[in-house]
Amino acid sequence: MKISTLFLIWFMISINQIYTKPILTILDTDIGSDYDDQMALTYILANPSIFDLKLIICSTYNTTARGQIVAKTLAIFDRFNVPIAIGQNTGTDNMLEYEWAQNYTLNQFQNDGGIVYENGEEALLKEMEKANVDNIYNLIEISPTTSLGHVLQHLQPETLKYIRLFAMAGSIYRGYKNSSQPSKEYNIFVDIPAAQIVFNTSWAYFGLVPLDTTIFMQFYNPEWQTFLLFYNQNKYVQLVIDSYTVWYNNGGNRSAALKPFSPENGTSTMYDVLAAFLAANYPRALTMVVQELPLIVTQDGFTKVDSILGKQVNVSMAFLTSDPYTSTELIGITVLDSIIYS
Ligand SMILES: [Ca+2]
């Protein structure tokens, strides 16, 4: 792809993000384990002209600890108007980023004016029920879908005509480490029955970013070096670098990624950021090649094309550029610049 075409895509991203009305948005996240949720949340908060964030639900394992990380992030952005919903605690898990937020309790958050719903699934149900023809919602799903799976069993199917789902999940033809075999992707594998419910639901739109594209989502030099330059003067850059460094030092450095990474030279794999980026630019896919595929979730946790049983999903299967890193660099610049200039 020629440089001029890339500039055109970049120009379209910019125009899109200036003139689009903010869209009602719900985020379902397992922030705290992998680092990409934190980058996705920061990107969403840095772009209030795109995302009108109405609710953040924390799902799977120690959801209260996840809620604290969200609370500290919202406090730094002074966004106490965004409620935090605590999903079901499903056990203990390594929460590599938690140390960054441990000094900011949910009680403190509420004393500062924040809102916390202890029954997170009920809060998610109530928010989704507000969707109607005049209030279209985007649901950004970057967690195993335990909470959403439960809520979908109580939601009127009619309501789903007004909710678009943008999810990071699955692996169609390529797997972790760019393997030529698909993987049992984490967000599916943690709760397979919930994933089956989500994939079997008729959404207004279902945009999926699987491993096939998300494995290339690392932001590194030179856009990372530019980002680092703002550390001393920008609290949002500080938020990212500080929390990323805590996560990295607590074991995040051992995460799988195609390129080596550290807080000095770039990010781990930003799988979830691609789901938020897709939501931001809907109905355009810009840098991505989208295919409509009939997908099912198998009993053992694979996402498979099945022309008889599968429901149609709009899958980001590849990037427009022959080198995927040309596209992910462009996305990285867009995401990191929006954090710097928010
Ligand atoms: Ca996640």
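Computed from a predicted model, the values in this text were never measured in an experiment.

## Thoughts on unusual backbone geometry
Most peptide bonds are trans, and most residues other than glycine sit at a negative phi.
Consideration 1: Cis geometry is found at the peptide bond from Asn-221 to Pro-222, where omega equals 0 degrees.
Consideration 2: Of note, Pro-222 is situated in the loop between helix H9 (211–214) and helix H10 (223–229).
Consideration 3: Residue Pro-283 follows Tyr-282 across a cis peptide bond; omega there is 5 degrees.
Consideration 4: Relative to the assigned elements, Pro-283 resides in the loop between helix H12 (271–281) and strand E8 (288–297).
Consideration 5: Backbone geometry places Tyr-61, a non-glycine residue, at a positive phi of 60 degrees.
Consideration 6: Counting through the fold element by element, Tyr-61 comes out in the loop between strand E2 (51–58) and helix H3 (63–76).
Consideration 7: Overall, Tyr-61 belongs to the buried group, with 23 C-beta atoms counted inside 10 Å.
Consideration 8: The phi torsion at Asp-78 lies on the positive side, around 55 degrees, for a residue other than glycine.
Consideration 9: Take Asp-78: it is sitting in the loop between H3 and strand E3 (84–86).

## What to know about helix H11 (residues 235–249)
Consideration 1: Taking 1.5 Å per residue as the helical rise, H11 with its 15 residues ought to reach 21 Å, and the 21 Å between its terminal C-alpha atoms agrees with that figure.
Consideration 2: Turning to H11, its buried residues number three or more, namely Val-237, Val-240, Ser-243, Tyr-244, Trp-247 and Tyr-248. Along the axis of H11, the buried residues cluster in a sector spanning 150 degrees; they form a single face. H11 presents Lys-235 and Asn-249 as exposed residues on the side facing more than 90 degrees away from its buried surface.

## Comments concerning the packing of helix H2 (residues 36–45) against H12
When two helices pack together, you describe them by how their axes are tilted relative to each other and by the distance separating the axes.
Consideration 1: Here H2 crosses H12 at 25 degrees, and the two axes come no closer than 7 Å. Viewed along their axes, H2 and H12 adopt a mutual orientation that is roughly parallel. The handedness of the crossing between H2 and H12 comes out as right-handed. Between H2, through Asp-36, Asp-37, Met-39, Ala-40, Tyr-43 and Ile-44, and H12, the contact on the second element is made entirely by Tyr-271, Asp-272, Val-273 and Ala-276.

Reading guide: rules and limits
Residues numbered from 1 in each chain as written. Predicted model: local features only at pLDDT ≥ 70, side-chain atom pairs only at ≥ 80, totals over all residues. Helix = DSSP H or I, 4+ residues; strand = E, 2+ residues; numbered from the N terminus. Buried ≥ 20, exposed ≤ 12 C-beta atoms within 10 Å, placed from the backbone. Expected span 1.5 Å × (residues − 1). Arc of directions from axis to C-beta. Axes fitted to C-alpha atoms, helices over the stretch in contact; angles between N-to-C directions. Parallel < 35°, antiparallel > 145°, perpendicular 65-115°, else oblique. Left-handed = near helix turned anticlockwise from the far one by under 90°. Contact = placed C-beta atoms within 7 Å.

Purely spatial values, then, with no claim about function.
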